[in-house]
Amino acid sequence: MAENADETTRRFTLEAISPDQNSMIDVLVPLHRLQWAKRMGLGAIHEINTSVRHVLRYPDAIFCGINRDGDDDRGQTEGWLCYCGAPAARYDYQTGKLIFRGERVLLVYVNREFTFYNSRWEPESKVECGIPLDMGLPSDPDGKRFKERLR
Amino acid sequence: MSQNGQDFMTEILQQIGGIEPFKPMAIYNPDGDCIEMHLSNEPYYARRLDGWVTVFYSEATDEVTGAMLKGVKSSLLKRFPGLRILIEGTQVRIAMLLTGPLSATEDDLTQRTYKAVIDKAAELDLRAELLCT
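Let us look at the structure shown here. (Residues numbered from 1 in each chain as written. Chains lettered and ligands numbered in written order. Predicted model: local features only at pLDDT ≥ 70, side-chain atom pairs only at ≥ 80, totals over all residues. Heavy atoms only, no water.)

**Thoughts on the overall build of chain A**
- Per the secondary structure count, chain A includes two helices and eleven strands.
- When the helices and strands of chain A are listed from N to C terminus, the series reads β-β-α-α-β-β-β-β-β-β-β-β-β.
- Counting only residues that meet the buried cut, chain A has 54% of its 151 residues in that class.
- In chain A, once contacts between residues fewer than 6 apart in sequence are set aside, the share between residues at least 24 apart is 55%.
- Only carbon and sulfur atoms are counted for the fraction: they give 48% of the accessible area of chain A, which is about 6700 Å². (Helix = DSSP H or I, 4+ residues; strand = E, 2+ residues; numbered from the N terminus. Buried < 20%, exposed > 50% of the residue type's maximum accessible area, 1.4 Å probe, protein only. Contact = heavy atoms within 4.5 Å. Areas by Shrake-Rupley, 256 points an atom, 1.4 Å probe, with all protein chains shown as cover.)

Structure representation (structure tokens):
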């Protein structure tokens with residue numbers, strides 16, 4: 001683990017549905033992610049606290065194994081997870097206010113040590129007449145992004 | 001145990017000591033082995049460019065507002081070992097680092113997107129600290 005909780009550092013976790021979907025697990029929110037949020041704005045902290053928390057608990061999809069182009073890193077992202085979901089709204093990082101989600105889904109990335117390391121909003125999978133055909137899934141035109149869908 | 005939302009928010013703000021005014025930044029994320037670059041904190045969406053890079057675009061203007069470079073230590077610096085010489089101490093210029101995967105790209109549109117990201121990173125001379133913190 002990159003950052004270790006010492007006596008003065010609180011350990012922050014969020015509850016997530018386990019990859020086998022039989023139980024709930026605690027996912028660590030590392031200090032560097034909080035430092036990122038501190039620099040991005042109040043909305044980034046609200047996002048971790050509310051939107052990321054929601055997607056980890058109630059994902060529309062969970063993918064396992066993240067594909068990259070490198071030939072030499074096939075094992076590096078084995079067991080890494082991507083939780084996908086569509087919270088009702090998102091936060092403006094600058095103001096901390098809720099804004100329209102639009103045709104976006106939130107992807108929450110968790111490594112094999114169950115550390116949350118990144119989240120981001122991406123275009124939703126195919127949308128026709130403003131209605132998503134596959135709710136909560138990101139666009140993946142070539143189908144190469146993930147190794148396996150768990151949910 | 002996981003904290004509830006209100007406790008979490010209060011404790012985080014105590015831990016990090018409040019919010020900082022935004023400045024363009026590039027941060028190495030050791031748990032994801034990636035570098036995140038942000039030129040702005042306006043609302044953005046992310047679009048995967050290729051296996052190495054995801055680009056962030058403004059929701060309002062579709063302009064590039066940042067990017068994420070993935071597999072930095074585990075993959076990128078092994079696949080493009082020449083990039084190691086660009087690391088100055090523990091810091092690396094993002095614009096230089098992006099030239100590695102750009103050099104392996106044949107698609108014209110992808111190359112143009114790389115150039116847009118590289119130009120933005122170079123303009124601000126954004127650097128990331130590769131040592132774990």
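**Some remarks on the interface of chain A and chain B**
- Across the boundary between the two partners, chain A contributes 55 residues, which contact 49 residues of chain B.
- Carbon and sulfur atoms make up 53% of the surface buried where chain A meets chain B, a total of about 4600 Å² over both sides.
- Linking chain A with chain B are three salt bridges, by the criterion used here.
- A salt bridge links Arg-104 of chain A to Glu-59 of chain B, with the shortest nitrogen-to-oxygen separation between them at 2.8 Å.
- Linking chain A to chain B there are 16 residue pairs in polar contact (both at pLDDT 80 or more).
- Mapped by element, the contributors of at least two residues to the side of chain A that touches chain B are strand 1 (12–17), strand 2 (24–29), helix 1 (31–40), helix 2 (42–57) and strand 8 (116–123) of chain A.
- Counting residues per element, the side of chain A that touches chain B draws most heavily on helix 1 of chain A, at nine residues. (Buried area = accessible area lost by both parts, 1.4 Å probe. Salt bridge = Lys/Arg side-chain N within 4 Å of Asp/Glu carboxyl O. Polar contact = N/O pair within 3.5 Å; in protein donor to acceptor, adjacent residues only side chain to side chain.)

**Observations concerning the pattern of salt bridges**
- In the structure shown here, the tally under the stated rule is eleven salt bridges over all chains.
- Here Arg-93 of chain B ties to Asp-125 of chain B by a salt bridge, and the two come within 3.0 Å at their closest N and O atoms. Note that Arg-93 of chain B is positioned in strand 6 (residues 91–93) and Asp-125 of chain B in the loop between helix 5 (108–123) and strand 7 (127–129), a separation of 32 residues in sequence.
- Judged by relative accessible area, Arg-93 of chain B falls into the partly exposed class, the value being 28%.
- Given the relative accessible area of 34%, Asp-125 of chain B is considered partly exposed.
- We note a salt bridge from Asp-119 of chain B to Lys-115 of chain B, for which the minimum N-O separation is 2.8 Å. With a gap of four residues between them, Asp-119 of chain B and Lys-115 of chain B both fall in helix 5, about one helical turn apart.
- By sharing partners, the salt bridges in this structure join Arg-90 and Arg-104 of chain A together with Glu-59 of chain B into a single network.

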